[in-house]
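In case you want the letters, here they are:
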Amino acid sequence: MKLLFLPVMLALVVPTSGSALASSSEWFEMEGARVRLVTSGAPDVEGRLQGVLDIELKPGWKTYWRDPGDAGVPPTIDVSANPGIAGATLDFPAPQRHDEGDFQWAGYDYSVRLPVTFTFRDPAAPSTIDAYVFLGVCETICVPVQATLKVDPASDPDKVGDALAVAQAFAMVPPPAGPEFGVKVVTETGTKTALLEARFPGTPGSAELFIAADEGYSFSTPKRVEKDGKTFFSVDVTAPTRKATGDGLRYTLVTDAGAVDGLLPYF
């Protein structure tokens with residue numbers, strides 16, 4: 001079943017005249033879902049403030065991981081309109097692999113809370129946050145959605161419900177990969193096919209590998225291969241012509257014993 005894309009919708013979520021901003025935004029309602037931004041506490045000494053992009057899906061609808069794969073719109077958050085905020089970073093719980101016949105995609109078919117970390121330039125002078133959010137939600141039709149969600153973290157920094165939502169979301173982020181639970185590159189052949197070895201607890205047949213394309217890279221869906229009692233993933237790689245400048249390619253390894261996040265070197 002191919003997914004059809006509707007034209008992008010633009011919405012601005014702001015308080016009505018005379019109303020006070022809160023530490024969580026109003027819900028922005030869209031077809032198949034609604035979304036809001038939640039913050040909790042105050043910035044730490046380095047200016048970091050935790051929050052959540054709360055995506056509530058209706059039954060039968062889905063949304064996407066940091067790299068959807070063959071189709072979809074990855075969630076993004078932009079705070080460049082805020083002079084006092086240096087940036088915002090989204091994290092993700094372990095995704096699922098979905099097969100739509102002609103293509104596969106990575107994401108969630110249930111409501112999900114994406115952790116977000118805001119970095120204030122001056123921790124002692126936090127300000128309101130205007131966050132421009134772009135994401136996609138799908139049933140048989142995909143709806144790309146834009147919304148500006150506005151919050152004032154200092155208005156109610158100790159709200160119990162907000163603090164719980166943020167803590168639960170961050171607890172769902174996979175821990176860092178290590179030697180006994182993670183992935184390493186075994187062989188690579190230019191921009192052709194790479195072989196990656198996966199080590200993990202749990203059942204070999206349950207393992208799924210998700211690699212986030214970045215810096216101009218693209219990947220096929222990793223294929224699991226069992227050989228000599230070990231688990232490998234074969235993936236076709238198309239590398240950019242320019243040299244990558246980041247820290248590496250982010251991946252999530254998911255098994256029936258849990259999940260981890262890690263970095264692969266650039267091919």
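The sections below set out a description of the structure shown in this document.

Note that S25 resides in the loop between β2 (9–13) and β3 (28–30). Relative accessible area serves as the criterion here: at 7%, S25 is assigned to the buried category. Ignoring anything within four residues of it in the chain, the contact list for S25 reads R36, L37, L149, K150 and V151.

Let us look at helix α1 (residues 160–171). Look at α1: 16 Å from first C-alpha to last across twelve residues, which is about the 16 Å you get at 1.5 Å a residue. Of all the residues in α1, the buried ones are D162, A165, V166, A169 and F170. Angularly, the buried residues of α1 cover 125° about the axis, an arc narrow enough to put them on a single face. Exposed residues on α1 whose side chains face more than 90 degrees from its buried face are V160 and A171. Packed against the buried residues of α1 are β4 (33–39), β5 (48–57) and β11 (112–120).

This part is about the state of the cysteines. Tallying each qualifying case throughout the model produces one disulfide. With a sulfur-sulfur separation of 1.5 Å, C138 is cross-linked through a disulfide to C142. Taking the torsion about the S-S bond as the criterion, the C138 to C142 disulfide, at about 100°, is right-handed. Here C142 falls in the buried class, since its relative accessible area comes to 2%.

So, about the sheet that holds strand β21 (residues 258–264). Here we have three strands laid out as an open sheet, ordered β16-β20-β21, and antiparallel in their pairing. The open sheet has two edge strands, β16 (208–211) and β21, and neither has a second partner. Strand-to-strand, the axes of this sheet are offset by a mean angle of 20°, without reference to chain direction. Judged from the seven bridges that link them, strand β20 (residues 249–255) and β21 form a sheet pairing that is antiparallel. Each bridged residue has a counterpart across the sheet, and for Y251 the counterpart in β21 is G262.

Let us look at the sheet that holds strand β8 (residues 85–90). Strand order in the open sheet made by the five strands is β3-β4-β5-β11-β8, with antiparallel pairing throughout. Only two strands of the sheet have a single partner each, and these edge strands are β3 and β8. Taken pair by pair, the neighbouring strands of this sheet meet at an average axis angle of 20°, ignoring direction. By the bridge criterion, three bridges tie β3 to β4 in an arrangement that is antiparallel.

Moving on, we come to the pairing of strand β6 (residues 62–69). In terms of residue burial, β6 counts as a mostly covered element, since seven of its eight residues are buried. As paired strands, β6 and strand β12 (residues 129–138) are joined by two bridges and run antiparallel to one another. Across the sheet, T63 pairs through a bridge with V137, a residue of β12. As judged from the three bridges shared by β6 and strand β10 (residues 104–108), these two strands associate in the antiparallel manner. What sits directly across from T63, in β10, is Y108.

The next point concerns the pattern of salt bridges. The final tally for this structure, using the stated rule, is 13 salt bridges. When the shortest N-O distance is used, the salt bridge between R250 and D91 registers 3.8 Å. With R250 in strand β20 and D91 in the loop between β8 and β9 (96–99), this pair connects stretches of sequence that are 159 residues apart. Where K184 meets E197, a salt bridge forms, and the shortest distance between an N and an O atom there is 4.0 Å. Of this pair, K184 sits in strand β14 (residues 182–188) while E197 is found in strand β15 (residues 193–199), placing the two residues 13 residues apart along the sequence.

Criteria and thresholds
Residues numbered from 1 in each chain as written. Predicted model: local features only at pLDDT ≥ 70, side-chain atom pairs only at ≥ 80, totals over all residues. Heavy atoms only, no water. Helix = DSSP H or I, 4+ residues; strand = E, 2+ residues; numbered from the N terminus. Buried < 20%, exposed > 50% of the residue type's maximum accessible area, 1.4 Å probe, protein only. Contact = heavy atoms within 4.5 Å. Expected span 1.5 Å × (residues − 1). Arc of directions from axis to C-beta. Disulfide = S-S within 2.5 Å. Pairing = 2+ DSSP bridges. Axes fitted to C-alpha atoms, helices over the stretch in contact; angles between N-to-C directions. Salt bridge = Lys/Arg side-chain N within 4 Å of Asp/Glu carboxyl O.

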